[in-house]
Amino acid sequence: MKKEEMIRYFRTVLSDYSRRSFLRRLIGGTGGNLSLRVPDTDTVLITPTGVSLEEVTPECSVLVDLDGNIIESPLGFKGSKETGFHLSAYKIRADVMAVAHLHPPYSTAYAGAGASLPLATVSARLILKEVPCVPCYNPGSKELADCVTAALQKNLNLKALLMQDHGILALGPDMKAAYYTADLVEHTAQVAYFLKNIK
Ligand SMILES: [Zn+2]
């Protein structure tokens, strides 16, 4: 596939999973952002700032280099304000090809406790292994990006982490994998919550 065709294709992938994330209620309002690395390039497509994931179209997303410089933005949007930690994930981990930052209600509630997610199911323990929590900083801040970067550097096998009083980050070898990891984190948090109320 030619590079231009590849970028066009991945723009549709990003808008598809953006809408799915909204419809699955993995975020509320205009929160959350998704990105993917265009294979065999040092470029990343990221959802724009200020647009609900429900309404992200293929042309909305912004192509940036690994330093965050805009390379292509057909509708003139700026990339997500969380571009910093998305790019950190790609720089630290060659295996990461997609990143989902979402605000699913049960996982975000657990993130409020400031502790690792309780892995309530065998599947979660086998697949996720550990979902640590990084401290609370303002969305879009350098402090938050630095904190997420440090957590990713500390454990090079992380699939997901919680962000205190904020949301989650899920990583994957492609967008589909990152999306399903985010969904598994939320399902795990929901089961942990139910379990706590049954015991
Ligand atoms: Zn957020």
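Residues numbered from 1 in each chain as written. Predicted model: local features only at pLDDT ≥ 70, side-chain atom pairs only at ≥ 80, totals over all residues.

Q: Go over the packing of helix H2 (residues 83-92) against helix H5 (residues 142-154), please, and point to the residues and values.
A: In the contact formed by H2 and H5, the axes pass within 9 Å of each other and the chain directions differ by 25 degrees. Here H2 is positioned roughly parallel relative to H5, judged by the angle of their axes. In this structure, H2 meets H5 at a crossing whose hand is right-handed. Residues Gly84, Phe85, Ser88, Ala89 and Ile92 of H2 touch H5, and the partners they reach there are Lys142, Leu144, Ala145, Val148, Thr149, Leu152 and Gln153. Taken together, the residues of the contact of H2 with H5 break down into seven nonpolar, four polar and one charged. (Axes fitted to C-alpha atoms, helices over the stretch in contact; angles between N-to-C directions. Helix = DSSP H or I, 4+ residues; strand = E, 2+ residues; numbered from the N terminus. Parallel < 35°, antiparallel > 145°, perpendicular 65-115°, else oblique. Left-handed = near helix turned anticlockwise from the far one by under 90°. Contact = placed C-beta atoms within 7 Å. Nonpolar A, V, L, I, M, F, W, Y, C, P; charged D, E, K, R; others polar.)

Q: Can you lay out the sheet that holds strand E8 (residues 167-172) for me, pointing to particular residues and giving the numbers?
A: As summarised here, the arrangement of the eight strands in space is E4-E3-E2-E1-E5-E8-E7-E6, forming an open sheet in which the pairing is mixed. Here the strands that pair on one side only, and so sit at the sheet edges, are strand E4 (70-72) and strand E6 (133-134). Here H2 sits on the sheet and contacts strand E1 (33-37), strand E2 (43-46), strand E3 (62-65), strand E5 (98-102) and E8; the angle it forms with E2, its principal contact strand, is near 140 degrees. (Pairing = 2+ DSSP bridges.)

Q: Let's hear about the nonpolar core: which residues, and what values?
A: Here is a general trend for soluble globular proteins: nonpolar side chains tend to be buried in one another's company. Core analysis: the biggest nonpolar cluster contains 53 residues, and Leu161 and Ile168 have the highest contact counts within it. Here this core takes six residues from helix H6 (residues 175-198), the largest share from any one element. Contacts of Ile168, omitting those with residues within four sequence positions, involve Leu102, Pro104, Ser107, Ala111, Ala160, Leu161, Leu162, Met163, Ala182 and Val185. (Core = buried A, V, L, I, M, F, W, Y, C linked by C-beta atoms within 7 Å. Buried ≥ 20, exposed ≤ 12 C-beta atoms within 10 Å, placed from the backbone.)

Q: Just give me the short version of the environment of Leu66, but keep the residues and values in it.
A: Along the chain, Leu66 turns up in the loop between E3 and E4. A residue is classified by how many C-beta atoms lie within 10 Å of it, and Leu66, with 14 of them, is partly exposed. When the C-alpha atoms of Leu66 and Thr43 are compared, they prove to be 6.2 Å apart, with 23 residues separating the residues in sequence. Other than its neighbours up to four places away in sequence, Leu66 contacts Asp42, Val44, Leu87, Tyr90 and Lys91.

Q: Tell me what's going on with the pairing of E1, and back it up with residues and numbers.
A: Burial analysis of E1 places five of its five residues in the buried class, the great majority of the element. Burial of E1 is two-sided: the residues Asn33, Ser35 and Arg37 facing one way and the residues Leu34 and Leu36 facing the other way are all buried. One ladder, built from four bridges, connects E1 with E5; its direction is antiparallel. Across the sheet, Asn33 pairs through a bridge with His101, a residue of E5. Where E1 and E2 come together, three bridges link them in antiparallel fashion. Bridging from a neighbouring strand, Leu36 pairs with Leu45 of E2. Adjacent in sequence and paired antiparallel, E1 and E2 are bridged by five residues, among which Asp40 carries a positive phi angle near 60 degrees.

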